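Close look at the chain arrangement
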Amino acid sequence: MTPNRIVAVLTPLVFAPLAGACASWLAQHFPGVDVSQSDLQAIFISGALIALAPAAQWLHGWQKYEARQADAETAVQVATAAGTAVPTLAAGAAMTDTDFEDDGDLTDLDDLDVSDELDELDALGDDDLDDDFEDDLLADEDEPAVTAS
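For the structure given in this document, a descriptive report is provided here.

How each quantity is defined
- Residues numbered from 1 in each chain as written.
- Predicted model: local features only at pLDDT ≥ 70, side-chain atom pairs only at ≥ 80, totals over all residues.
- Heavy atoms only, no water.
- Helix = DSSP H or I, 4+ residues; strand = E, 2+ residues; numbered from the N terminus.
- Buried < 20%, exposed > 50% of the residue type's maximum accessible area, 1.4 Å probe, protein only.
- Contact = heavy atoms within 4.5 Å.
- Areas by Shrake-Rupley, 256 points an atom, 1.4 Å probe, with all protein chains shown as cover.
- Axes fitted to C-alpha atoms, helices over the stretch in contact; angles between N-to-C directions.
- Parallel < 35°, antiparallel > 145°, perpendicular 65-115°, else oblique.
- Left-handed = near helix turned anticlockwise from the far one by under 90°.
- Nonpolar A, V, L, I, M, F, W, Y, C, P; charged D, E, K, R; others polar.
- Phe/Tyr/Trp six-rings, centres within 6.5 Å; stacked < 30°, edge-to-face > 60°.
- Expected span 1.5 Å × (residues − 1).

**Focus: the overall build of the protein**
Looking only at helices and strands, one finds four helices and zero strands in the protein. Mapped in sequence order, the helices and strands of the protein form the string α-α-α-α. Residues classed as buried in the protein amount to 9% of the 149 residues present. Relative to all contacts within the protein whose residues are 6 or more apart in sequence, the contacts with residues 24 or more apart total 60%. Accessible surface for the protein amounts to roughly 12800 Å². Of this, 59% is attributable to carbon and sulfur atoms.

Quick look at the structure:
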């Protein structure tokens, strides 16, 4: 039986009532806490709900895991049906540079010339930016202030 089925079956039948019983017992026997008999039912239900919430979260995560596994298996089946090689490594084997021989589309970084763009940015000084910013501020100050009467 898979773990998700064990959690799905045993949580409402065993774990939730056990958590409710533990919560009720602790509320009844904890020193310094006086709980009436009518409140024990609410404590039992609270303890049971506390056990159900993590189980529901775990089941949700398990379903996501199973979906990812199914997607991976489907991708492998599609790749093998299409005739493309699925890269696999033997246990403990490391990938080498020879595993990536087909790098014809990549360009050498030395061939890229970005010096012109950097020179233009250097030519644009901080003074030019500050002057434009100050002009905008002064234009706003020249406008008359609106006062409520």
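**What about the packing of helix 1 (residues 3–29) against helix 2 (residues 37–82)?**
A packed helix pair is summarised by two numbers, namely the angle formed by the two axes and the spacing between the axes. With their axes 7 Å apart at the nearest point, helix 1 and helix 2 run at an angle of 155° to one another. Our classification of the angle between helix 1 and helix 2 gives roughly antiparallel. Of the two elements, helix 1 crosses helix 2, and the hand of that crossing is right-handed. By residue class, the composition of the contact of helix 1 with helix 2 is 21 nonpolar, seven polar and one charged.

**So, the packing of aromatic side chains**
For the coordinates displayed, the defined rule picks out two aromatic pairs. With centroids separated by 5.6 Å and ring planes inclined at 45°, the aromatic side chains of Trp 62 and Tyr 65 adopt a geometry described as tilted. One end of the pair, Trp 62, and the other, Tyr 65, are both in helix 2, three residues apart, so they sit about a helical turn from each other. Exposure remark for Trp 62: the relative accessible area of 21% places this residue in the partly exposed category.

**Regarding the environment of Ile 45**
For Ile 45, the location among the structural elements is in helix 2. Judged by its relative accessible area of 44%, Ile 45 is partly exposed. Separated by 24 residues in the primary sequence, Ile 45 and Ala 21 have C-alpha atoms spaced 9.1 Å apart.

**Focus: the side chain of Ser 24**
Here Ser 24 lies in helix 1. Assessed through its relative accessible area of 13%, Ser 24 is described here as buried. With near-sequence residues (within four places) excluded, Ser 24 lies in contact with Leu 40, Ile 43 and Phe 44.

**Observations regarding helix 2**
The end-to-end C-alpha distance of helix 2, which contains 46 residues, comes to 69 Å, matching closely the 68 Å that a straight helix rising 1.5 Å per residue would cover. For helix 2, the set of buried residues is Leu 40, Gly 47, Ala 48, Ala 51, Ala 55 and Ala 79. On its buried face, helix 2 is in contact with helix 1. Residue Gly 83 follows helix 2 closely and has a positive phi angle near 90°.

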